[in-house]
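# Examination of the molecular architecture
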Amino acid sequence: MARFEMHNSEMSTMGGETRADVFCDMGLMYATGRGCPIDLVSAHKWLNIAAIKGCGRAAELRADLAQTMSKGELAEALRSAREWMTMH
C-alpha cells in the first residue's frame, strides 16, 4: 500500500463510515510498517481519528496500541490528532 496523508478535507470526503475506515487503514499502515517505517505515534493518531469518526474496530486497535506506548508517545499522538481534527 502506498503511503498517503490526509492534508485537506477534500481528500477524505467519501462519507462518514468510509472515511473512518480509511483513517483506520492509515493507522494500521503505520502500526505494521506496511509501505512505511513503523510509527506508533502516527498509528495512534490515525486510529484515534478513525474512532472519533465512528470506527469501533479502530477504537479497539487504539486501546491495544496504547498499551505498548510510553506516556510521552501517547501525549504526542493525542496532541497530533487534536491538531488534525481542529484543522479539518
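Residues numbered from 1 in each chain as written. Predicted model: local features only at pLDDT ≥ 70, side-chain atom pairs only at ≥ 80, totals over all residues. Heavy atoms only, no water.

## Structural notes on the overall build of the chain
Helices and strands together make up the secondary structure of the chain, namely 4 helices and 0 strands. Sequence-ordered secondary structure for the chain, helices as α and strands as β, is α-α-α-α. Across the 88 residues that make up the chain, the buried fraction comes to 34%. Across the chain, the fraction of contacts at a sequence separation of at least 24, relative to all contacts at a separation of at least 6, is 55%. Taken as a whole, the chain presents about 5,000 Å² of accessible surface, with 52% of it coming from carbon and sulfur. (Helix = DSSP H or I, 4+ residues; strand = E, 2+ residues; numbered from the N terminus. Buried < 20%, exposed > 50% of the residue type's maximum accessible area, 1.4 Å probe, protein only. Contact = heavy atoms within 4.5 Å. Areas by Shrake-Rupley, 256 points an atom, 1.4 Å probe, with all protein chains shown as cover.)

## What about helix α4 (residues 71-87)?
Between the first and last C-alpha of α4 there are 24 Å, a value that for 17 residues agrees with the 24 Å anticipated at 1.5 Å per step. Among the residues of α4, Ala-77, Ala-81 and Trp-84 are the ones counted as buried. Angularly, the buried residues of α4 cover 65° about the axis, an arc narrow enough to put them on a single face. Relative to its buried face, α4 has exposed residues pointing more than 90 degrees away, namely Lys-71, Arg-82, Thr-86 and Met-87. (Expected span 1.5 Å × (residues − 1). Arc of directions from axis to C-beta.)

## Observations concerning the nonpolar core
Grouped together as the largest cluster of nonpolar side chains are 23 residues, with contacts concentrated most on Phe-23, Cys-24, Trp-46 and Ala-58. Looking at this core, the elements with two or more residues in it are α1 (16-32), α2 (40-52), α3 (56-66) and α4. Here the element with the most residues in this core is α1; it accounts for 8 residues. In this structure, Ala-58 is in contact with Cys-24, Leu-47, Ala-50 and Ala-51, ignoring residues within four places of it in sequence. (Core = buried A, V, L, I, M, F, W, Y, C linked by side-chain atoms within 4.5 Å.)

## Some thoughts on the environment of Ala-58
Relative to the assigned elements, Ala-58 resides in helix α3. Separated by 31 residues in sequence, Ala-58 and Gly-27 place their C-alpha atoms 8.1 Å apart.

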